[in-house]
Amino acid sequence: MENRKKRVIDPELLDILVCPMTRTALVHDADADELISEAAGLAYPIRDGIPVMLVEEARKL
């Protein structure tokens, strides 16, 4: 089992980031290490502390 450290996203960064598909706010899911776009039904991964804001890389919810 992989031991992953939960990371905290800087609140200022979270305020700036929006879903590239819907331009709506994102919610940080620290357990899954993803940024959730409820409007698009997508979860964008965070890899090595960097949000990957590509629709092609997002997981459907």
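Residues numbered from 1 in each chain as written. Predicted model: local features only at pLDDT ≥ 70, side-chain atom pairs only at ≥ 80, totals over all residues. Heavy atoms only, no water.

**Q** Help me understand the overall build of the protein chain in this model?
**A** Scanning the protein chain for helices and strands turns up one helix and five strands. Each helix and strand of the protein chain, ordered N terminal to C terminal, gives the series α-β-β-β-β-β. Relative to the globule expectation of 10 Å for 61 residues, the C-alpha radius of gyration of the protein chain, 11 Å, shows essentially globular dimensions. Along the longest, intermediate and shortest principal axes, the C-alpha atoms of the protein chain span 35 × 25 × 15 Å. For the protein chain, the residues scored as buried account for 28% of the 61 residues in total. Of all intrachain contacts in the protein chain linking residues separated by at least 6 positions in sequence, the fraction that spans at least 24 positions is 22%. By element, 52% of the accessible surface of the protein chain is carried by carbon and sulfur atoms, the whole surface being about 4500 Å². One finds the centroid of the 8 positive side-chain charges in the protein chain at a distance of 4 Å from the centroid of its 12 negative side-chain charges. (Helix = DSSP H or I, 4+ residues; strand = E, 2+ residues; numbered from the N terminus. Rg over C-alpha atoms; globule rule 2.2 N^0.38 Å. Buried < 20%, exposed > 50% of the residue type's maximum accessible area, 1.4 Å probe, protein only. Contact = heavy atoms within 4.5 Å. Areas by Shrake-Rupley, 256 points an atom, 1.4 Å probe, with all protein chains shown as cover. Lys, Arg positive; Asp, Glu negative; His and termini not counted. Charge placed at Lys NZ, Arg CZ, Asp CG, Glu CD.)

**Q** Would you take a moment to explain the side chain of serine 37 for this structure?
**A** By the secondary structure assignment, serine 37 is in strand S2 (residues 34-37). Take serine 37: its relative accessible area is 0%, and that puts it in the buried class. Engagement of the side chain of serine 37 in a polar contact is seen with the backbone nitrogen of alanine 40, the distance being 3.2 Å. (Polar contact = N/O pair within 3.5 Å; in protein donor to acceptor, adjacent residues only side chain to side chain.)

**Q** I would appreciate a short explanation of the nonpolar core in the present structure.
**A** The nonpolar side chains of a soluble globular protein tend to be buried, and buried together. If you look at the biggest cluster of nonpolar residues, it comprises nine residues: Ile9, Leu17, Cys19, Leu26, Leu35, Leu42, Tyr44, Ile46 and Ala58. Not counting residues up to four positions away in its chain, the partners in contact with leucine 17 are Leu26, Leu35, Pro51 and Met53. (Core = buried A, V, L, I, M, F, W, Y, C linked by side-chain atoms within 4.5 Å.)

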